[in-house]
Amino acid sequence: MGAILYRHTCMKLEGEAERMDRRAKNDWELGCCCWECPSEWGECWRGAWEAAKAGRGLTEEEMEAALRLVSAEDMEKFRREDGSIDYKAMSKSVPLQADYTPLDVVFEDEGLLVVSKPSGVPMNPPHRFSSGTLVNMVIGHTGEAPFVAHRLDVWTSGVVVFAKRKDYVKELHRQFRERTVKKEYLLICDGDPPPGEGFTVDAAIGTSEGSSLRRVVDGFDAKECQTFFVVDSRSPDGRFAVLRAKPRTGRTHQIRVHASHMGLPILGDNVYGAEASLYIDDQDLMETNAKKIQRTLESDPDGIRVPLKLHAHTLEFAHPET
């Protein structure tokens, strides 16, 4: 199957990042689809969107939204013996909401949708009657709930693939599980990388004691992880560098943890980078995205470090039809 190969050039770190021209060309690779996000970094990072409300508990506004979507008659089905409403059970009866915010569509056919996710946009809504996430935007675009093939962290921008056909899901999940999908990320980090064109980090990652959010090298229940980094450019003063990360495994926060482990934390990383000092604990980190942006801007008024400078640049996999 022929695929369209979209490319955009990597921004060089020369003072203020410059936007580079975007190029696209047709390609034919024996059924192998390779998409590189066409959105310029500046658009992704400086145009961070406020995401849906954080947290698992229902606010008064969310409860009111739920009540508008469920009739009084249907609501009685979810009333507990004590007279209260089981909102969690009720929410499962509510269709996922459509968000008609325009998507940056990279590729689309009858069975696949590949989009460029902006930084600050969550993948999924915390409740079915909430909106403002990538899944809601896909529903607004296609009219139907998509099948999620993989995920990006809320602050990571870049290429994401959804299945529009259920029979594609198993094959896509197999490719991710068996690590045949090739991924490449672009990032800007603090620090000066080791001499040479690149380096490999081979360090197991597990959960951090006393934190439900953080991952650490050799943490609890650690699993093997490998990331290959290519040094794309360095600032003359050695303060920053642009790297390309090619993960060979797919653990939570893998690139962010491995970069920090090497003394090269990603700019704007409020968990593993310099911005982590702005937060007290996990609860503090779970504040809304708008507050996170504001807090970082107060310490960095030029906005150079807002938001996270990590971009999923390339995703390559076999089309399920091949």
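Okay, so let's go over this structure. Everything numeric in this text was worked out from a predicted model, so none of it was measured.

**Observations regarding the overall build of the protein chain**
And then number 1: In terms of helices and strands, the protein chain carries nine helices and 15 strands.
And then number 2: With 322 residues in all, the protein chain has 49% of them scored as buried.
And then number 3: For the protein chain, contacts bridging at least 24 residues in sequence account for 69% of all contacts bridging at least 6.
And then number 4: Carbon and sulfur atoms form 49% of the exposed surface of the protein chain, whose accessible area is close to 16,200 Å².

**Brief notes about the pattern of salt bridges**
Close approach of charged atoms lets side chains of opposite charge pair.
And then number 1: In total, this model carries 15 salt bridges according to the counting rule given.
And then number 2: A salt bridge links K164 to E108; the nearest nitrogen and oxygen atoms lie 2.9 Å apart. One end of the pair, K164, is in the loop between β7 (157-163) and α6 (166-177); the other, E108, is in strand β4 (residues 105-108), with 56 residues separating them in the sequence.
And then number 3: Of the residues examined, E108 reaches a relative accessible area of 35% and is grouped as partly exposed.
And then number 4: The shortest N-O distance in the salt bridge between E224 and R179 comes to 3.1 Å. Taken as a pair, E224 in the loop between β12 (220-223) and β13 (226-234) and R179 in the loop between α6 and β8 (182-190) lie far apart in primary sequence, 45 residues in all.
And then number 5: Relative accessible area serves as the criterion here: at 42%, E224 is assigned to the partly exposed category.
And then number 6: Assessed through its relative accessible area of 44%, R179 is described here as partly exposed.
And then number 7: Residues joined by salt bridges that share partners form a network here, namely E110, R165, D167 and E321.

**Comments concerning helix α7 (residues 254-261)**
And then number 1: Burial analysis of α7 places six of its eight residues in the buried class, the great majority of the element.
And then number 2: Buried residues of α7: Q254, I255, R256, V257, H258 and A259, and no others.

Definitions and cut-offs
Residues numbered from 1 in each chain as written. Predicted model: local features only at pLDDT ≥ 70, side-chain atom pairs only at ≥ 80, totals over all residues. Heavy atoms only, no water. Helix = DSSP H or I, 4+ residues; strand = E, 2+ residues; numbered from the N terminus. Buried < 20%, exposed > 50% of the residue type's maximum accessible area, 1.4 Å probe, protein only. Contact = heavy atoms within 4.5 Å. Areas by Shrake-Rupley, 256 points an atom, 1.4 Å probe, with all protein chains shown as cover. Salt bridge = Lys/Arg side-chain N within 4 Å of Asp/Glu carboxyl O.

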